[in-house]
Amino acid sequence: MKNTIKTLVLLLFVTATMTAQELKIPNDVTFEKAEDYTTYEPQVLESIDWLQRTPASEQSAKREKLNAFLLKWMTGSPTVSIELVAGIVPLECGDCLMTFMYGWTKYSLENNYAKDKIDCAVAGAEHAIEFYKKNKATLGKQSEMEKLIRRKKKGKLRKYIESKF
């Protein structure tokens, strides 16, 4: 019993310490050569994870800065190329669209700069679905996202995405 309490206290302390770490927002970033993008990859992944786990209704100023940083990084990255295809990309919800692109980017970076459009698009769609489900109360009902959710539940999301490419 005594060891269980010690373990529980230690676990709570470690968890509190981990969540207390503050994400640093890159300021005045300039991307002039390929190495500049590579240097920021860890911060790109950290930013994507932070945006995914933080409710859309919270810390809007920080979200805005991170979105600007990520958009700047994604649009110029020589290693990650996102293809936006109608029917897959949730165009009616700006936050969902950004989250789709973040999911694509994260998948590509975590999988040795994956170039497979289907795999990346599936990852992007699943990332957007997860974000939408957590934030539906804030975002409101989005028909495009609801369709993607239904396809995923039926196990047809990948096949649907393949048909769009």
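Since we're looking at a predicted model, the values are computed, not measured. (Residues numbered from 1 in each chain as written. Predicted model: local features only at pLDDT ≥ 70, side-chain atom pairs only at ≥ 80, totals over all residues. Heavy atoms only, no water.)

Taken together, the side chains of K141, K147, R150, K154, K156 and K159 make up a positively charged region of the molecular surface. Structurally, K147 can be placed in helix α7 (residues 143-153). (Patch = residues over 30% accessible without salt bridge, like charges linked within 9 Å, V, L, I, M, F, W, Y side chains within 5 Å. Areas by Shrake-Rupley, 256 points an atom, 1.4 Å probe, with all protein chains shown as cover. Salt bridge = Lys/Arg side-chain N within 4 Å of Asp/Glu carboxyl O. Lys, Arg positive; Asp, Glu negative; His and termini not counted. Charge placed at Lys NZ, Arg CZ, Asp CG, Glu CD. Helix = DSSP H or I, 4+ residues; strand = E, 2+ residues; numbered from the N terminus.)

Glancing now at the environment of E144. Mapping E144 onto the fold places it in helix α7. Setting aside its immediate chain neighbours within four residues, E144 contacts V89, P90, L91 and E92. A polar contact of 2.8 Å, which involves the side chain of E144, links it to the backbone nitrogen of L91. (Contact = heavy atoms within 4.5 Å. Polar contact = N/O pair within 3.5 Å; in protein donor to acceptor, adjacent residues only side chain to side chain.)

The description of an aromatic ring pair rests on the distance of the ring centres and on the angle between the ring planes. In the structure shown here, the tally under the stated rule is five aromatic pairs. Taking 4.4 Å as the distance between ring centres and 15 degrees as the angle between the ring planes, the aromatic pair formed by F31 and Y37 counts as stacked. The same class applies to F31 and to Y37, which are both buried. Connected via pairs of aromatic rings, a cluster forms that spans F31, Y37, Y40, F69 and W73. The ring of Y160 carries the charged tip of R151 above its face, separated from the ring centre by 3.6 Å. (Phe/Tyr/Trp six-rings, centres within 6.5 Å; stacked < 30°, edge-to-face > 60°. Buried < 20%, exposed > 50% of the residue type's maximum accessible area, 1.4 Å probe, protein only. Lys NZ or Arg CZ within 6 Å of the ring centre and 35° of its normal.)

This part takes up the nonpolar core. With 44 residues, the main nonpolar core has L70, W73, F100 and I161 as its most contacted residues. Among the secondary structure elements, those contributing two or more residues to this core are α3 (41-53), α4 (60-76), α5 (94-110), α6 (117-139), α7 and α8 (157-164). The element that contributes the greatest number of residues to this core is α6, accounting for 10 residues. Those residues in contact with I161, other than ones at most four positions away along the chain, are I88, I118, A121, V122 and A125. (Core = buried A, V, L, I, M, F, W, Y, C linked by side-chain atoms within 4.5 Å.)

Turning next to empty space enclosed by the protein. Going through the model one piece at a time under the given rule, you end up with one cavity of 30 Å³ or more. Of the pockets and cavities examined, the largest cavity occupies roughly 80 Å³. Together, I48, L51, Q52, R63, N67, D95, M98, T99, Y102, H127 and F131 line the largest cavity. Put simply, the parts of the chain that give the lining of the largest cavity at least two residues each are α3, α4, α5 and α6. (1 Å grid on protein atoms, 1.4 Å probe; cavity = no way out; pocket = protein on both sides within 12 Å on 5 of 7 lines; lining within 4 Å. Points joined across faces, edges and corners; volume = space filled by probe spheres on them.)

Glancing now at the packing of α3 against α5. Two numbers describe how α3 lies on α5: the axes approach to 10 Å, and their chain directions differ by 135 degrees. As judged from the angle between their axes, α3 and α5 are oblique. Every pair of crossing elements has a handedness; the one defined by α3 and α5 is left-handed. Counted together, E41, V44, L45, I48, D49, L51 and Q52 of α3 and T99, Y102, T105, K106, L109 and E110 of α5 form the full contact between these two elements. Considering only residue class, the contact of α3 with α5 consists of six nonpolar, three polar and four charged. (Axes fitted to C-alpha atoms, helices over the stretch in contact; angles between N-to-C directions. Parallel < 35°, antiparallel > 145°, perpendicular 65-115°, else oblique. Left-handed = near helix turned anticlockwise from the far one by under 90°. Nonpolar A, V, L, I, M, F, W, Y, C, P; charged D, E, K, R; others polar.)

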